[in-house]
Amino acid sequence: MEATGRRRRATVKDVALEAGVSRGTVSRVLNGQPYVSAEARAAIDAAITKVGFVPNRAARSLVVQSSQAIGLIVHEPHSLFVEDPNIGSILLGANAALSEADYQMACLIADSPRDIERLSHYLGAGLIDGVIIVSARVGDPITRAVAQLQLPAAFVGHPRDIGDAAYVAIDNRAAAREITTRLAATGRRRIGMIAAALDRDSGSDRLAGFVDALGHRFDPQLVQSVPLYSFSCGQDGMRALLERHPDIDGVFASSDAVAAGALDVLQAAGRSVPGDVGVVGFDDSSWALRCDPPLSTVHQPATELGRAAAEAVLRQLRGEGDGGRQLLECPIVWRDSA
């Protein structure tokens, strides 16, 4: 006998009895299957409301082979996941689109070979219906695992080896070319770059745009590569450039966090910005407004990138093509640092 005051959970049998149909018909409606008349569907919907039936999503997922969950994979160190506001904005944009479609987002961080191996096994376990991949590298094992499993997927960014997979990106090369050209137009003659993350498309494309803008004036000795889009990498890169070229008067930092680190080193060295050195960044993130002076930068629509990537995965799950390929606009935002 049930405990006093505790109501028994309504079942498919209760719905079927109330609607006057078979349990099989109720199951077909709950699982989105065809061959049920409009009248029967209406009766079942009314019965569900009346008896207070709540579907068991876990059991339903076994029937329809759907978890109603999408994985968002970020291939970055844990520290950068916390430090980089773009990642948070991408996450929020993706989550908003998935929530509207009644999907749950599972956030997955790949920081080490062990993480990658674990994620590869997880992806093959059928616990998620598709993936959004952020910061993939060329030859990324996660990309290979997704392709082998034929999971619906969309990339934020455009690694060169993803074939016809869906992606949402910005034109990093064109944007880097435009902001470097504008920096040069302020009269700078010795322009360097702190080039981060050259192992992924965004970093290599931003360096290519920098080279495009300077043309014959480009000096490879004025480029300092660093591994990550981080404040500390910006500090390291700026110290190296100042040591080699103390006469440097312009810097394109390949992210706002990198630019903030560069500003910190320049100011500690007694260089005024923009008086002695003009500095520009990339992202238009919260770093840009925290800097003193505020950064001139490229606006990266991170929230929109996340939303568009999620929508691309959802289109694939609905059978509406391969998700497509999109480039979003990324205008220059000119402030006081250059």
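Keep in mind that this is a model prediction, so the values were computed, not measured.

The rules behind the values
Residues numbered from 1 in each chain as written. Predicted model: local features only at pLDDT ≥ 70, side-chain atom pairs only at ≥ 80, totals over all residues. Heavy atoms only, no water. Core = buried A, V, L, I, M, F, W, Y, C linked by side-chain atoms within 4.5 Å. Buried < 20%, exposed > 50% of the residue type's maximum accessible area, 1.4 Å probe, protein only. Helix = DSSP H or I, 4+ residues; strand = E, 2+ residues; numbered from the N terminus. Contact = heavy atoms within 4.5 Å. Salt bridge = Lys/Arg side-chain N within 4 Å of Asp/Glu carboxyl O. Axes fitted to C-alpha atoms, helices over the stretch in contact; angles between N-to-C directions. Parallel < 35°, antiparallel > 145°, perpendicular 65-115°, else oblique. Left-handed = near helix turned anticlockwise from the far one by under 90°. Nonpolar A, V, L, I, M, F, W, Y, C, P; charged D, E, K, R; others polar. Polar contact = N/O pair within 3.5 Å; in protein donor to acceptor, adjacent residues only side chain to side chain. Pairing = 2+ DSSP bridges. Right-handed = clockwise from strand over helix to strand, strands pointing away.

> Describe the nonpolar core, with residues and values.
L72, L98, I132, V156, F210, F252 and V298 are the most contacted members of the largest nonpolar core, which has 44 residues in total. Here this core takes 8 residues from helix α14 (residues 302-317), the largest share from any one element. Once you skip the residues sitting within four places of it in the chain, L72 turns out to touch I90, L91, A94, M105, A106, C107, L108, I132 and V134. Within the second largest apolar cluster, 28 residues are counted, among which are Y229, I248, A257 and A259.

> Give a description of the pattern of salt bridges that names residues and reports values.
What the rule picks out here adds up to 16 salt bridges. With a closest N to O distance of 3.3 Å, R307 and E311 form a salt bridge. Note that R307 and E311 are positioned in helix α14 at a spacing of 4 residues, about one turn of the helix. Residue class for R307 comes out partly exposed when judged on its relative accessible area of 26%. Since its relative accessible area comes to 31%, E311 is described here as partly exposed. Residues joined in a network through salt bridges with shared partners are E76, R137, D199 and R200.

> Tell me what's going on with the packing of helix α9 (residues 172-184) against helix α10 (residues 201-214), and back it up with residues and numbers.
Viewed as axis vectors pointing N to C, α9 and α10 meet at an angle of 40°, and their least axial separation amounts to 7 Å. In this view, α9 runs oblique relative to α10, as classed from their interaxial angle. Of the two elements, α9 crosses α10, and the hand of that crossing is right-handed. Of α10, the residues touching α9 (which contributes N172, R173, A176, R177, T180 and T181) are S202, D205, R206, A208, G209, F210, D212, A213 and L214. A class-by-class count of the residues in the contact of α9 with α10 yields 5 nonpolar, 5 polar and 5 charged.

> Give me the lowdown on the side chain of S337, citing residues and values where you can.
Structurally, the position occupied by S337 is in the segment after β12 (332-333). Among the residues examined, S337 registers a relative accessible area of 0% and is labelled buried. A polar atom in the side chain of S337 sits 2.5 Å from the backbone oxygen of V279. Ignoring anything within four residues of it in the chain, the contact list for S337 reads V273, P274, V277, G278, V279, P293, P294, L295 and S296.

> Can you explain the environment of S67? Please cite residues and give values.
Locating S67 in the fold gives a position in the loop between α4 (57-64) and β1 (69-74). When its relative accessible area of 22% is taken as the criterion, S67 is described as partly exposed.

> Would you mind going over the sheet that holds strand β3 (residues 130-134) in detail, with residue names and values included?
Strand pairs in the sheet, formed through backbone hydrogen bonds, run parallel or antiparallel to each other. Pairing in this open sheet of 6 strands is parallel, and the strands run β2-β1-β3-β4-β5-β11 from one edge to the other. Each having just a single partner strand, β2 (104-109) and β11 (325-328) make up the two edges of the open sheet. Strand-to-strand twist in this sheet, taken as the mean axis angle between neighbours without regard to direction, amounts to 15°. As defined by bridge partners, strand β5 (residues 166-170) adjoins β11 across 4 bridges and the pair is classed as parallel. Bridging from a neighbouring strand, I170 pairs with L328 of β11. Strands in contact with helix α7 (residues 113-123) are β1, β2 and β3; relative to β2, the strand with the most contacts, it is inclined by about 150°.

> How would you sum up the pairing of strand β6 (residues 191-196)? Please name residues and give values.
For β6, the tally of buried residues reaches 6 of 6 residues, placing the bulk of the element in the interior. Neither face of β6 is exposed, since I191, M193 and A195 on one face and G192, I194 and A196 on the opposite face are all buried. In terms of strand pairing, β6 meets strand β8 (residues 250-253) through 4 bridges, oriented parallel. Bridge assignment links I194 to a residue of β8, and that residue is A253. Bridge count for β6 against strand β7 (residues 223-226) is 4 bridges, and the pairing is parallel. Across the sheet, the residue bridging to A195 is S225, located in β7. This β-α-β element, β6 to α10 to β7, shows right-handed connectivity.

> An account of the sheet that holds strand β9 (residues 278-280) is needed here, citing residue identities and associated values.
Strand order in this open sheet of 4 strands is β7-β6-β8-β9, and the pairing throughout is parallel. With one partner strand each, in any of the chains shown, β7 and β9 form the two edges of the open sheet. Within the sheet, the average angular offset between the axes of one strand and its neighbour, ignoring direction, is 15°. The sheet strands contacting α10 are β6, β7 and β8, and the helix crosses β6 at an angle near 165°. Packing of helix α12 (residues 256-268) onto the sheet brings it into contact with β6, β8 and β9, and relative to β9 it is tilted by some 160°.

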